[in-house]
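What follows is the residue order along each chain.
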Amino acid sequence: MTRELNVHVGGGFDALQARVGDALRRHQDGEPVHEDHLTFVDWDAFARTMTAKRLELLRYLHRNPQESVAALARNLKRDYRRVHEDVELLTAAGLIAREGLALSTGYDEIRTVIAL
């Protein structure tokens with residue numbers, strides 16, 4: 001089973017409310033609802049978070065869960081401080097899962113919807 005994270009960029013509160021309402025209706029109809037969503041308020045917020053280096057980090061971490069930030073920095077051949085900053089930001093955004101020092105992504109793909 002593919003684990004996916006649905007990332008929404010923009011769309012406002014109405015779009016969020018519609019997603020929650022739809023999931024609630026499906027649940028009430030007896031359909032199992034297991035969805036993970038992450039919403040960025042606008043393109044600027046998304047672009048500040050999802051840089052090329054951070055996407056590279058997420059892809060690596062998906063294939064190779066790490067025991068620590070230090071191990072991740074070493075394996076990516078990047079400066080520890082920069083990797084630590086990236087990990088902190090991506091963890092706060094919900095894109096990296098941490099268990100103790102260990103790091104993983106927790107999903108197989110990210111599906112992104114950008115509101116126009």
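If you're wondering where the values come from, they're calculated on a predicted model, not measured in any experiment.

A. Expanded view of the sheet that holds strand E5 (residues 109-114). Strand order in the open sheet formed by three strands is E2-E1-E5, with parallel pairing between adjacent strands. Either end of the sheet is taken by a strand with one partner, and the two such strands are strand E2 (36-40) and E5. The average angle at which neighbouring strand axes cross in this sheet is 20°, direction not considered. In the sheet, strand E1 (residues 4-9) pairs with E2 via five bridges, with the strands oriented parallel. Looking at the pairing, Val7 lines up with Leu38 of E2.

B. Layout of the environment of Thr91. With respect to the secondary-structure elements, Thr91 resides in helix H5 (residues 80-92). The exposure class assigned to Thr91 is partly exposed, which follows from its relative accessible area of 25%. Thr91 sits ten residues away from Arg81 along the chain, and the two C-alpha atoms are 15 Å apart. Setting aside chain neighbours within four positions, we find Thr91 in contact with Ile96 and Arg98.

Scoring rules and cut-offs
Residues numbered from 1 in each chain as written. Predicted model: local features only at pLDDT ≥ 70, side-chain atom pairs only at ≥ 80, totals over all residues. Heavy atoms only, no water. Pairing = 2+ DSSP bridges. Helix = DSSP H or I, 4+ residues; strand = E, 2+ residues; numbered from the N terminus. Axes fitted to C-alpha atoms, helices over the stretch in contact; angles between N-to-C directions. Buried < 20%, exposed > 50% of the residue type's maximum accessible area, 1.4 Å probe, protein only. Contact = heavy atoms within 4.5 Å.

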